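Overview (structure and organization)
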Amino acid sequence: MSPSVSPSKITPAQGQTLAQAEPISPKGCTNFKLRQVTRLVSNHCEAQFAESGLTTTQYALLSHIVVLGPIQPSELARRMDIDLSTLSRNVQPLQALGLVETLPGVDARSRQLQATEEGHARRKQLKATWKRAQLSLNERLGDERVQRLHALLDECAALMRGEAAPD
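Let me begin by describing the structure that accompanies this report. (Residues numbered from 1 in each chain as written. Predicted model: local features only at pLDDT ≥ 70, side-chain atom pairs only at ≥ 80, totals over all residues. Heavy atoms only, no water.)

A short note on helix H3 (residues 73-80)
An α-helix turns once per 3.6 residues; consequently, residues spaced three or four apart project the same way. For H3, the complete set of buried residues consists of Pro73, Leu76, Ala77 and Met80. Down the axis of H3, the buried set is contained in an arc of 100°. They therefore lie on one face. Where H3 is buried, its residues meet helix H2 (56-68), helix H4 (84-96) and strand S2 (111-115). Just downstream of H3 lies Asp81, where phi reads positive at about 60°. (Buried < 20%, exposed > 50% of the residue type's maximum accessible area, 1.4 Å probe, protein only. Helix = DSSP H or I, 4+ residues; strand = E, 2+ residues; numbered from the N terminus. Arc of directions from axis to C-beta. Contact = heavy atoms within 4.5 Å.)

Encoded structure:
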């Protein structure tokens, strides 16, 4: 769709339903647009976390480990839709801060990640920071738009994984 045509201006020809109307052809690079919005949202949220000593990525990782742990790194990476190497790189600072520990797994070759007591306390403390960041973002974008965005992102993620889109 060209930038000069708004979605409200697209109407079906007489006798057609909207579904039968000429298909909309997206313009531009979806990857670039997603990365652009992601950078803007990340910058907004990182500013909220600046004094916490953790990045929003580290907070999200710690939260997942608190909720799901103890958990094998490969399962955690799968659940978070990230590469194992990315997970490993982001777990290291949490381990260095004493927030996450590595435990033996079910066999000699496996291991599990678990939040320490300090990790549980830090996550609890930073939950208010996350809430402030989310509410600030909701205020800027509007609650309804954020709800629609979440639904669209969930649907797109499922389709990219090759799953049926969620209802």
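Back to the text.
Quick word on the packing of helix H1 (residues 30-49) against H2
Running from amino to carboxyl end, H1 crosses H2 at an angle of 80°, the nearest separation of the two axes being 9 Å. With respect to each other, H1 and H2 are oriented roughly perpendicular. Across from Cys45, Glu46 and Phe49 in H1, the residues of H2 making contact are Thr56, Thr57 and Tyr59. A per-class count over the contact of H1 with H2 returns 3 nonpolar, 2 polar and 1 charged. (Axes fitted to C-alpha atoms, helices over the stretch in contact; angles between N-to-C directions. Parallel < 35°, antiparallel > 145°, perpendicular 65-115°, else oblique. Nonpolar A, V, L, I, M, F, W, Y, C, P; charged D, E, K, R; others polar.)

Structural notes on unusual backbone geometry
Looking along the chain, the bond that leaves Gly69 and enters Pro70 is cis, with omega of -5°. Tracing the backbone shows Pro70 in the loop between H2 and H3. Phi at Asp81 takes a positive value of approximately 60°, unusual for a residue other than glycine.

A short note on the side chain of Ser52
By secondary structure assignment, the location of Ser52 is in the loop between H1 and H2. Ser52 sits in the buried class, given a relative accessible area of 14%. At 3.1 Å, the side chain of Ser52 and the backbone oxygen of Leu54 are in polar contact. Contact partners of Ser52, with chain neighbours within four places excluded, come to Arg122 and Leu126. (Polar contact = N/O pair within 3.5 Å; in protein donor to acceptor, adjacent residues only side chain to side chain.)

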